[in-house]
Amino acid sequence: MANQSSPYPILCASFNQDASYFVIGTSEGFKVFDSNTGRLCYERAIGAFIIVEMLFNSSLLAIVGAGEQPSLSPRRLCLFNTKTGAALRELNFLTSILAVRMNRKRLVVVLQDKTYVYDLNTVKILDAIDTVPNLKGLCGFSPSLDGCFLALPASTTKGLVLLYNVMELQSHCEIDAHRAPLAAITLSSNGTYIATASEQGTIIRVYLVSDATKSYSFRRGTYPSTIFSLSFGPSMQLPDILLATSSSGSLHVFSLGFAINQRSRKSSSILGSIIPDSVTDALDPAHHHVLHSSVTAGVKSNAVIRKVVKLADASSSGAEYCKATISIINYNGHFQEYSFSLNHQNEPSWTLDHELNLLTVVVSDDTFSS
């Protein structure tokens, strides 16, 4: 999501669809990095950018300027080829572009009161969706062609979500997720699950997209906090973990797999028989793990789970433990990569593997290798 009034050097930051690369926009231009190595692959210093989105590992970028120059209007979307250094196509709108999403067949452009869907190959408009005022350009997108959904706010007074099928060009459903307006939305990569947080930021909920049923309700904390990012782990089925960053400066990991085991045990207990699942899940902290002060409090951040692997736990015969690679872009200019492990007893461990200053690295510098 773009941030035109950011007090920090990074104006926008996003990972590509499989998190193998990430891009940032600054007051000077934009940069493309390899997530696995931290290597700066491409940079272009031609002015300030508030949106930079990359299509998988291709040379195609969707870029939007900050408006500091007439040629970089926030109302103009440029499809840019990093190989040729030239614009492939430009689209102009009546109001500022607030978000852009892509997969191999669709291009989605989010404005304040309307969202447009294009055929990416022909750049032909396919649909125009009227929306409630969406001042933050909030949206979620699943890039899979089989389950390609777009999630948009459907109310300005409560956390109502509109789910739209981008391939079939029709509304799928609405989900009444929170009492307060939405602050963050994410979809799993295959479009199976959606996670939401409200402006209160105390509860994060997960729904099954197919029938709009609530699957989980996690308590992030007791006091309100702004949720900066939500991210599911990569998986073709149920994601193993859900990640959140917030203005408190903490990194939150919710273990979905462990929550399933907790439910099966709880259902046979006296407490589980009288308290609804959504209530007890929100109150049970067993599947919630927090790394405090992982980023500077109040500084916007964007985090993803790049890899999740399950390995044999040497301390327990036949048991498995989960290991995840978590990458974080901080808008103050730093990139961090953590290893997160969760053993069969649900005990977490964290390791900071890499840290990088995104503003000083140069293209020829092979900064670190994973």
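Residues numbered from 1 in each chain as written. Predicted model: local features only at pLDDT ≥ 70, side-chain atom pairs only at ≥ 80, totals over all residues. Heavy atoms only, no water.

Asks: Help me out: how do you make sense of the nonpolar core in this one?
Replies: As a rule of thumb, soluble globular proteins bury nonpolar side chains together. In this structure, Leu 77, Phe 93, Ile 97, Leu 107, Val 109 and Tyr 118 are the most contacted members of the largest nonpolar core, which totals 24 residues. For this core, the secondary-structure elements that each account for two or more residues are β5 (49–54), β6 (60–65), β7 (76–81), β9 (99–102), β10 (106–110) and β11 (114–119). Examining the composition of this core, we find that three residues originate from one element, β6, more than from any other. (Core = buried A, V, L, I, M, F, W, Y, C linked by side-chain atoms within 4.5 Å. Buried < 20%, exposed > 50% of the residue type's maximum accessible area, 1.4 Å probe, protein only. Helix = DSSP H or I, 4+ residues; strand = E, 2+ residues; numbered from the N terminus.)

Asks: Please explain the sheet that holds strand β22 (residues 241–246) as it appears in this structure.
Replies: Adjacent strands of a sheet pair through backbone hydrogen bonds, lying either parallel or antiparallel. In space, the four strands of this open sheet follow the order β21-β22-β23-β24, with antiparallel pairing throughout. Looking at the sheet topology across the chains shown, the edges are occupied by β21 (227–232) and β24 (288–291). If you compare each strand with its neighbour and ignore which way they point, the axes differ by 20° on average. Sheet topology places β22 next to strand β23 (residues 251–255); five bridges connect them, and they run antiparallel. Following the sheet pairing, Thr 245 is matched in β23 by Leu 251. (Pairing = 2+ DSSP bridges. Axes fitted to C-alpha atoms, helices over the stretch in contact; angles between N-to-C directions.)

Asks: Sorry if this is basic, but what is going on with the environment of His 178 here?
Replies: As for its position among the elements, His 178 is in strand β16 (residues 170–178). Here His 178 falls in the buried class, since its relative accessible area comes to 6%. In this structure the C-alpha to C-alpha distance between His 178 and Val 161, which are 17 residues apart in sequence, comes to 9.3 Å. A polar contact is formed between the side chain of His 178 and the side chain of Thr 196, at a distance of 2.7 Å. A distance of 3.3 Å separates the side chain of His 178 from the side chain of Arg 205, its partner in a polar contact. (Polar contact = N/O pair within 3.5 Å; in protein donor to acceptor, adjacent residues only side chain to side chain.)

Asks: What should I look at first to understand the environment of Ala 87 in this one?
Replies: Tracing the backbone through its elements, the reader meets Ala 87 in strand β8 (residues 86–92). In sequence terms Ala 87 and Ala 62 are 25 residues apart; their C-alpha atoms lie 9.7 Å from each other. The contacts of Ala 87, once residues within four sequence positions are left out, are Cys 78, Leu 79 and Phe 80. (Contact = heavy atoms within 4.5 Å.)

Asks: When you look at the sheet that holds β9 in this model, what are you seeing that I'm missing?
Replies: If you trace the four strands from one edge of the open sheet to the other, you get β9-β10-β11-β12, paired in antiparallel fashion. A single partner strand is all that each edge strand has here, and the edge strands are β9 and β12 (124–130). Adjacent strand axes in the sheet meet at a mean angle of 15°, parallel and antiparallel pairs treated alike. Examined bridge by bridge, β10 and β11 share five bridges and lie antiparallel to one another. When the sheet's bridge partners are listed, Arg 106 is paired in β11 with Asp 119.

Asks: Would you mind showing me how to read the side chain of Thr 82 here?
Replies: Note that Thr 82 resides in the loop between β7 and β8. Once residues lying within four places of it in the same chain are set aside, the contact partners of Thr 82 are Tyr 42, Ser 59 and Leu 61.

Asks: What should I look at first to understand unusual backbone geometry in this one?
Replies: Non-glycine residue Ala 19 carries a positive phi angle of around 60°. By the secondary structure assignment, Ala 19 is in the loop between β1 (10–15) and β2 (21–26). Backbone geometry places Leu 169, a non-glycine residue, at a positive phi of 60°. Relative to the helices and strands, Leu 169 is located in the loop between β15 (159–165) and β16. Under the relative-accessibility criterion, Leu 169 is labelled partly exposed at 29%.

Remember that the coordinates give geometry; whether it matters functionally is a separate question.
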